[in-house]
Amino acid sequence: MKDSTNRRRFLTAVGAGTFALAGCSGQIPGGDDGDGDGNGNQSESGNDEGNETGNESGSGQSVPFPALDKGELVDDFENLEDWTPIEDGQVAGDTENALVGSQSARIQGSGTFAGMFRAYPEGLNVANRNLSLALAVDAPRPARVTVELLAPGESDMLRGTKTVVGTYTGWMRMDVGITGQRGEPNLENVQEMRIRLDAPEETDIRFWVDDLRATPKAENGYVMLTFDDGVASQYENVFSRLNDRDMSGVVAVSSDSLNREGRLNIDQLREMRDAGWDVSSHPEGDAFQQPLDDMEAIRSAIQSNYEYLDNRGFPNGARHMFVPYHNTNQEIVEITREFHELSSYFGGMPAAIPFTDPMHVSRVDMHNDGFTDLIDLAAEHNQLAVGLAHGVVPEDEIEDDPLADMTVEQLEELLDYIEQSDVQVVTASQLVDNQDSL
């Protein structure tokens, strides 16, 4: 376990400066838990030999987002002979929607899930490495996409599940954080990999994957505590409690709400910044309401909030954005990338770190009991768990405070739990600035 001395040592080394979400995003109700039997029937499979992708690590060749030119290529899906549909689904090479090389893998079916699996008779070694892949979901949305590793069998398995939010269209990079474990998996001997999508109800399913890669994993587990909307109780009830434990958090603010009744003011933000907190961007939310059809308004909201923070003395924290209402898509991500180095929204899983793409950092409500489970997984698998809260008030006040969703008592219990866990509390800037030394 890491005590406060270790935490202080970490903060000194990196530099202090330098689950459904309530009211924000719907969670997939019900659905299979990812324990499919993997005994799929053969279906059409694109098995033509494809062209070399040329994006091996060190090649120097640029690749299209969200593909990578680093790490070890596990599968480019140019040859799908070894991939088998799960149950009645279909797997085929798609040359019209290829991200790298000549094709991607298209998986489709009808029902509550569809997917594919591949056996590795000689064993696949992914010990001390993270998996990531390029992912695009056409239908349904929202949906849960899961990567399962049988190491070596059903009784020793890891699972990483990410929620693709309902508004997300286009390709994304999925850093596979571990959300479930069975037995004692031996990651030097993965005998089977499954990639599947779970739907909330019976429906048509279609999604694509490409560019499956392995990159080195971090040497520690981390937790990030984020607080949205610039609520005054974050200064009054959270700031000192974290300081007393040598912890720093992230406060995500909109310039439109600052200095108002019940909200943080600039002097409080500067005090928090000087204590090592990130003061980050949470743009004005109207433009992020569905159906996300006004990209000029979204660009304006992102840019103006970034510039406000940057111009008022918060350049470090302004590099990071926390997405309003958790509504985003590929076009918004590309706009965000112009101004920010990290973006976070609901995804329901710990993040595998170092990131392959920090535009898709997942976070969940920290007042939910399930957040401690993510902390445990972050500690065991050297991942990042990101928690979210808004206002934090005493238990006898929360019913009457529309800005609060967490009690002081819940916060204290969570901080106690973190201190007893093998994780470090970090800010977004500490993560981004130290990707090579995590």
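Note: the structure precedes this text.
Residues numbered from 1 in each chain as written. Predicted model: local features only at pLDDT ≥ 70, side-chain atom pairs only at ≥ 80, totals over all residues. Heavy atoms only, no water.

**Q** Would you take a moment to explain the overall build of the protein chain for this structure?
**A** On a plain count of helices and strands, the protein chain comes out with 8 helices and 21 strands. A total of 438 residues make up the protein chain; the buried ones form 58% of that total. For the protein chain, the computed accessible surface area is about 17,000 Å², with 39% contributed by carbon and sulfur atoms. (Helix = DSSP H or I, 4+ residues; strand = E, 2+ residues; numbered from the N terminus. Buried < 20%, exposed > 50% of the residue type's maximum accessible area, 1.4 Å probe, protein only. Areas by Shrake-Rupley, 256 points an atom, 1.4 Å probe, with all protein chains shown as cover.)

**Q** When you look at the pattern of salt bridges in this model, what are you seeing that I'm missing?
**A** A side chain with one charge can pair with a side chain of the opposite charge if their charged atoms come near. On inspection of all chains with the given rule, the structure shows 24 salt bridges. Between Glu 412 and Arg 245 there is a salt bridge; the shortest N-O distance is 2.7 Å. With a gap of 167 residues between them, Glu 412 in helix α7 (residues 408-419) and Arg 245 in the loop between α2 (232-243) and β12 (250-253) connect regions that are remote in the sequence. Between Arg 319 and Asp 433 there is a salt bridge, and its shortest N-O distance comes to 2.8 Å. Residue Arg 319 is found in the loop between α4 (295-311) and β14 (320-322), and its partner Asp 433 is found in helix α8 (residues 428-433); the two are separated by 114 residues along the sequence. By relative accessible area, which is 13% here, Arg 319 ends up buried. Members of the salt-bridge network, linked through shared partners, are Glu 148, Glu 154, Arg 159, Arg 182, Glu 192 and Arg 194. (Salt bridge = Lys/Arg side-chain N within 4 Å of Asp/Glu carboxyl O.)

**Q** Quick question: what am I supposed to make of the packing of α4 against helix α5 (residues 330-339) here?
**A** Two measures define how a pair of helices packs: the angle their axes make with one another and the distance between the axes. Contact geometry for α4 and α5: axes closest at 10 Å, N-to-C directions at 25°. Taken as axis vectors, α4 and α5 run roughly parallel relative to one another. Considering only the axes of α4 and α5, their crossing is right-handed. Of the residues in α5, those touching α4 at Met 295, Ile 298, Arg 299, Ile 302, Gln 303 and Tyr 306 are Glu 331, Ile 332, Ile 335, Thr 336, Glu 338 and Phe 339. For the contact of α4 with α5, the residue count by class is 7 nonpolar, 2 polar and 3 charged. (Axes fitted to C-alpha atoms, helices over the stretch in contact; angles between N-to-C directions. Parallel < 35°, antiparallel > 145°, perpendicular 65-115°, else oblique. Left-handed = near helix turned anticlockwise from the far one by under 90°. Contact = heavy atoms within 4.5 Å. Nonpolar A, V, L, I, M, F, W, Y, C, P; charged D, E, K, R; others polar.)

**Q** Looking at this structure, how should I read the nonpolar core?
**A** The tendency in soluble globular proteins is for nonpolar side chains to be buried side by side. Leu 135, Val 209, Leu 225, Leu 269, Phe 371 and Ile 418 are the most contacted members of the largest nonpolar core, which totals 96 residues. It is strand β10 (residues 190-216) that contributes the most residues to this core, 10 residues altogether. Setting aside its immediate chain neighbours within four residues, Leu 269 contacts Val 251, Val 253, Leu 258, Leu 264, Val 279 and Phe 314. Of all hydrophobic cores here, the second largest spans 18 residues; its members include Val 250, Leu 342, Leu 384 and Val 386. (Core = buried A, V, L, I, M, F, W, Y, C linked by side-chain atoms within 4.5 Å.)

**Q** Can you walk me through empty space enclosed by the protein in this structure?
**A** Rolled over the atoms, a probe sized like a water molecule indicates the empty space that remains. If you add up the space inside the largest cavity, you get close to 130 Å³. If you go around the largest cavity, you meet 14 residues; those closest to its centre are Arg 129, Leu 131, Leu 149, Val 176 and Ile 178. If you list the elements that add at least two residues to the lining of the largest cavity, you get β5 (129-139), β6 (143-150) and β7 (157-164). Residue classes in the lining of the largest cavity are distributed as 8 nonpolar, 3 polar and 3 charged. If you go around the second largest cavity, the residues you meet are Lys 162, Arg 173, Met 174, Asp 175, Met 349, Pro 350, Ala 351, Phe 355, Asp 357, His 360, Val 361 and Ser 362. Among the secondary structure elements, those contributing two or more residues to the lining of the second largest cavity are β8 (171-175) and β17 (361-365). Counting residues per element, the lining of the second largest cavity draws most heavily on β8, at 3 residues. For the lining of the second largest cavity, a count of residues per class yields 6 nonpolar, 2 polar and 4 charged. (1 Å grid on protein atoms, 1.4 Å probe; cavity = no way out; pocket = protein on both sides within 12 Å on 5 of 7 lines; lining within 4 Å. Points joined across faces, edges and corners; volume = space filled by probe spheres on them.)

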